[in-house]
Every structure is written in C-alpha cells, then in structure tokens.
Amino acid sequence: MPVLQIDNLTKRYGKIKAVDNLNLTIDPGNVYGLLGPNGSGKTTTLGIILDILRQDEGSYQWFDGQHGDHARLHIGAILETPNFYPYLNAEENLEIVRQIKGVKKQDFNELLEIVNLAHRKKSAFRTYSLGMKQRLAIAATMIGDPKVLIFDEPTNGLDPQGIAEVRNILKRIADMGNTVIMASHILDEVEKICSHVAIIKNGKLLATGPVGAILNDDVTLELNSGDKIALTHALHEMSTVSAISDKEHWVECLLDEDQMSVEELNRSLFERGIILTRLVARKRRLEEEFLAITQNA
Amino acid sequence: MIIKLLRLEYTKFKKNAVISLLVFMFLLTMPTVIFIGKEFKDVPPPLPNNEVFFTFPMVWDYQGYIGNWLVFFFLGLISVFIVVNEVGYKTFRQNIITGMTRQQYYLSKVITVVALAIAATLLYTVICLGIGMYHTEGWTMSDAFYNSWAIPRFFLMSIGYMSFGLFCGFVIRRSGVAVLLYLCYMIMLEPLIKWAVHFRVIQNNTINYYPSNCIEDLMPFPLYRFADMVPKKDLDFSFLLTYSQATIGSIVWIAIFLGVAYYSFMKRDI
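Please read these numbers as outputs of a predicted model, since none were measured by experiment.

Undergrad: Describe in detail the overall build of chain B, supporting the description with residues and values.
TA: The helix and strand inventory of chain B stands at 11 helices and zero strands. The secondary structure elements of chain B, listed N-terminal to C-terminal, are α-α-α-α-α-α-α-α-α-α-α. Against the compact-globule benchmark of 18 Å for 270 residues, chain B has a radius of gyration of 20 Å, which places it among compact chains. A buried classification covers 51% of the 270 residues belonging to chain B. Counting contacts in chain B only where the partners sit at least 6 residues apart, residues at least 24 apart contribute 78% of the total. Looking at chain B as shown, the accessible area adds up to about 12800 Å², and 72% of this sits on carbon and sulfur atoms. Side chains of chain B give 21 positive and 15 negative charges; the mean places of these two sets differ by 18 Å.

As structure tokens, then:
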C-alpha cells in the first residue's frame, strides 16, 4: 500500500503551470527527495498534498484513503517557513500542535533535547534565531509519532552550523525508518539523506527512482595523451564508452563499468598505441545527473 | 469537539497582548460608561429625569445601547483579529497542515465568537440587573424582567457584529485592510451607500435593511423611539426597524456573512 499516490496533478497560476500533470507514488519507508531548482513547483506540490492549495486538475490520496480528511493527523510537515505563535514559548507552541493532533498530554523535554532547544523552551518564539525556529518546527513535526514527515527546504537560510545540525537531525529521523518527503534544491543534501529522488522542473516530473538508479553506475573519466585527436578517435571506436566530449585540457567520457573496467580501458588504449598522460576516474555525481536531466528538458 | 476547539483557541490567544487588551477594555467599559448619564442633569422631554437611565425597565435599553457600541468596537475587533493574526503568523495554514480540517478551523472561529457573545450577554444581564436593582425603589421580579427580550436581542447583536468581523477576516485576510473595512464599513461606508442609493434612486424603507442598520436597531438609542413617533415632513416611513424586523434582518445578514466566509475559506488557497 503506497503512503501517497499522486495522479495527474495540475495547478495553474494564471497562464503559468506551477505543477504540470504530475504523477508520483511514495512507498512506506522511502526517504524521498523532491529535487528541482527554485520555482520548479516543489512547494506547490507539497502545498496541494497538505490541503493548503487547491489543484486545478488531478488528485492525490494519502494512505490509500483510510484516514480520509484526517490523513494530516498522521503526517508531520513544515511548508516553507516555520510557523508559530510569536508570543508563545516553545512548550506552548508544541502544546497547540499536540492539541490539534489529538494525542495525549506529554512532556516535550525529550523532543526539545533532540533538536537541542531544551535550554530555550521558556523563551518566546519571536526571540529565536532562524536556526532555532527551524529546529522547533522539526520537533513539532514529530509530535504524535507520524507515519510520514515532510520537510520543505529544511536548511534554507541557515548558517553552516545550523545546516549541519538540521541535516544530522534529518538523517536520524530518516534512519529511524520513517517515510520522509523532502523538497530541496541542494543536491548534496538529497544525496546524503534520501533513498529515492524525484526531479522536477517547470512543474513537470523529469525523472524518479532510487537515488542509486538515478545516480547510475557509469564512471566519468578524464583522459589525455600526447595525441588528443588519436585518443578521441580511439574512444569513439569503443562500445563501452559514451558521452565523449572535448574539454580544454582533457577528453571526458562515460565508461560503463559493468562492461569494462578502467584498467581494461587503459590496456586497450595502450594496445592501440595511445599512452595516457592523464587518467582520472570519478563517480558521476547527482549534481551532474541533475544538470544533465534538467538541461535536456 | 466544541470544548476541544474552544480550548485550542484559548491556548492560542490567552497571551496575545492586543486581544487581552481588547477584552480588558470591554470588561472595564461595559459596567461604567452608563454612569456618564449621571452628568446629564437636564434631559429632553418626554423623559422625567436622568434617573430613568438606571431604573427598570429603561436600564435594559440604555445599557443595551452602550453595549451596542462597545461590542461593535472591542468584541468586533477581536473577531477580526482572531482570523487576521493567524494569517499574519501563517499559523492559519500551519493549523491545517498539522491536521485540522478546514471545516474544523472555520468552526473553531465561529464557536469562539458564539462563546464571546454568550459571555458578553451574561455580563450585560448581570450589569442591567445590578444597576436596576440598586436604582429602582421597591422593584419586583416582574419589573426587573419586564424588558428582558433585550437579552436575546443583545446576544443576536453581538453575533451580528462578530460575524461581520469574521467575514472581513476570512475574506480580506490582510490585517490592516480587514480592520479598516470592519470599522469604516459600519461607520462611514454604509451611510454613504445609503445616501447614494436611496436619496438618489429609491426612497423607501429598504434603506433600513442594510447590515449595520439591522444590527444597530436591535439595540437602538432609546430616544429614537420617541423621535420616531413624531410625524416627519420628508419621510413617509419609520427610520427605525421594529424589533422583529431587525431580528429577521440580522439573522439573514449573519447567515450571509458566515456563509460567504465559509465558502471563501473552503475554496481558496491559504
């Protein structure tokens, strides 16, 4: 049973399609990264599935419809900014969340310890730094032990220490086996935390799947030799090599490692009389994948 | 469910400075403003003397008229603020994200307004009885409650103003504009529209059925009743609604305000 099923979702703002016929299925235990540049429709999508925005077309269903209109009681979510009552302190704000969730009275100390806010639990929310506000919001999402957690750009606007803290907390939440949906434009974040990724641009879903599948096994090679033209020519003759491009100081290509190891490639080139002066092999990163996918769209 | 929603609203606003101040001002002015009447030594005929302000059965009318202004101002503003404040803090959307349905959220505001109206009406009743008993010599129970239809009218009047407040909050949402519309409509805009429409186009008693007028006429300035009895040169209709007209008119407007607010909140992005 999927946690969330999104079918043909479309949302227009005037002539602009913020979300364009989006389909997505999220299964239990997935840590799903919603990846896309700013303005790509990530927040709009999250807004619709949280009943904040009304879609123009399409539908979505939480938990196979078993909780109906009350599905959000089983979801902990932050959308865009941490939203709390500025004149209430951390405990009072969490108490409001508790009342809405309808869970039994509890001591918030443990929760506030996790997000490192216990020492400021009696201060009014308006006196908090952005990082503290964000951490309180993360604490609030965990009240009532929700089945799904949703974070929207959780490290946006934080300083490096704040980013590190928030990422650690998110990693811990993900490792606990929760289903997490996280929107981000920061690839590194998604790569480190998520098991699955959906890439969105201009409201359209460009690619989706396990991070490992999107982040394919191909190795990027940087090669050079005394005769660059002969090298390029030789590479073009090899079926295991693709995406050959001439960089200023080397030739870059992708190698299908299942078919040929880097060592075999080197030997094969040597047999063709090409002596390499440069050989750098690196895993193709999500960042390149992301740029490749979004640029082709 | 009703108690849960009411408790939630209380948790949200018990420490809100503006709302606390408005409640405090209401509690302070409700029992005191009527005593300004002590200053009016010379009252116009047909009133015998200024003691009538404080004795049964007239105390219900005078305190009611004072309550009319105070509820309009203090409680009405509270009803706008409990919506627009949350829009400003974005807790408006966070409450929904956290798990309230839109119906529950809307209901929590309506319930709060009803609770405030009940509390204000109780206060009004206690004040009228207190002042009346103190000033009326040899009062009996039937004297005290002779004019007691004023109690449900006061309640309806409170709901009337506050449902207009919720309407402004839910439909306009932006804090400054909503407050401005609430105050200006009642004080300036409605008289202006009346003047534009009725004195130019149709001159009949439909002029009395505008929302602010219906609600006001539930608790009018008592001397207007006397004034209305005097034959008028230009008007061939009464400028006050009867209580039953005002009651029906107010109920219709309340239904419209709450209905439009609900529809707007359910349909729009938040």
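Undergrad: Hey, could you go over the pairing of strand 6 (residues 148-152) of chain A for me, with residue numbers and the actual values?
TA: Residue and element names in this part refer to chain A. Burial within strand 6 is extensive, with five of its five residues counted as buried. Residues Val148, Ile150 and Asp152 line one face of strand 6 and the alternating positions Leu149 and Phe151 line the opposite face, and both faces are buried. Judged from the three bridges that link them, strand 5 (residues 75-77) and strand 6 form a sheet pairing that is parallel. Residue pairing for strand 6: Ala77 is matched across the bridge by Ile150. Direction of pairing for strand 6 relative to strand 7 (residues 179-184): parallel, over a ladder of five bridges. Each residue of the ladder has a partner; that of Val148, found in strand 7, is Thr179. Read as a crossover between parallel neighbours, the route from strand 6 over helix 5 (residues 160-175) to strand 7 is right-handed.

Undergrad: I'd love a proper account of the sheet that holds strand 3 (residues 31-35) of chain A, names of residues and values included.
TA: All names here are of chain A. Sheet architecture is open: six strands sit in the order 5-6-7-3-8-9, paired in mixed fashion. The two strands at the open ends of the sheet, each matched to only one other strand, are strand 5 and strand 9 (204-210). Looking at each pair of strands side by side, their axes are set apart by 15 degrees on average, direction ignored. For strand 3 and strand 8 (residues 196-201), the ladder comprises four bridges, and the chain directions are parallel. Across the sheet, Tyr32 pairs through a bridge with His196, a residue of strand 8.

Undergrad: Give me the nonpolar core: which residues, what numbers.
TA: Side chains that are nonpolar tend, in soluble globular proteins, to be buried together. Membership of the largest hydrophobic core comes to 112 residues, with the highest contact counts inside it found for Trp62(A), Ile150(A), Trp60(B) and Phe170(B). Counting residues per element, this core draws most heavily on helix 3 (residues 58-89) of chain B, at 17 residues. The contacts of Trp60(B), once residues within four sequence positions are left out, are Tyr124(B), Thr125(B), Cys128(B), Leu129(B), Ala144(B), Asn147(B), Ala150(B), Ile151(B) and Met219(B). One finds Leu35(A), Met132(A), Val180(A) and Phe290(A) within the second-largest nonpolar core, a separate group that totals 44 residues.

Undergrad: Provide a residue-level description of the packing of aromatic side chains, including the pertinent values.
TA: Going through the model one piece at a time under the given rule, you end up with 30 aromatic pairs over all chains. Judged by centre distance (5.6 Å) and plane angle (75 degrees), the rings of Phe92(B) and Tyr105(B) are edge-to-face. One end of the pair, Phe92(B), is in helix 4 (residues 91-98); the other, Tyr105(B), is in helix 5 (residues 102-135), with 13 residues separating them in the sequence. With centroids separated by 5.9 Å and ring planes inclined at 20 degrees, the aromatic side chains of Phe164(B) and Phe167(B) adopt a geometry described as stacked. On the criterion of helical spacing, the pair formed by Phe164(B) and Phe167(B) is a turn pair, its members being three residues apart in helix 7 (residues 150-172). Given the relative accessible area of 4%, Phe164(B) is considered buried. An aromatic cluster is present here, built from Trp69(B), Phe72(B), Tyr161(B), Phe164(B), Phe167(B), Tyr182(B), Tyr185(B), Trp253(B) and Phe257(B) joined pairwise through their rings. Lys133(A) extends its terminal NZ or CZ atom over the ring of Phe125(A), reaching a point 5.3 Å from the ring centre. The residue whose ring lies beneath Lys147(A) is Phe63(A), and the NZ or CZ to ring-centre distance is 4.9 Å.

About the cut-offs
- Residues numbered from 1 in each chain as written.
- Chains lettered and ligands numbered in written order.
- Predicted model: local features only at pLDDT ≥ 70, side-chain atom pairs only at ≥ 80, totals over all residues.
- Heavy atoms only, no water.
- Helix = DSSP H or I, 4+ residues; strand = E, 2+ residues; numbered from the N terminus.
- Rg over C-alpha atoms; globule rule 2.2 N^0.38 Å.
- Buried < 20%, exposed > 50% of the residue type's maximum accessible area, 1.4 Å probe, protein only.
- Contact = heavy atoms within 4.5 Å.
- Areas by Shrake-Rupley, 256 points an atom, 1.4 Å probe, with all protein chains shown as cover.
- Lys, Arg positive; Asp, Glu negative; His and termini not counted.
- Charge placed at Lys NZ, Arg CZ, Asp CG, Glu CD.
- Pairing = 2+ DSSP bridges.
- Right-handed = clockwise from strand over helix to strand, strands pointing away.
- Axes fitted to C-alpha atoms, helices over the stretch in contact; angles between N-to-C directions.
- Core = buried A, V, L, I, M, F, W, Y, C linked by side-chain atoms within 4.5 Å.
- Phe/Tyr/Trp six-rings, centres within 6.5 Å; stacked < 30°, edge-to-face > 60°.
- Lys NZ or Arg CZ within 6 Å of the ring centre and 35° of its normal.

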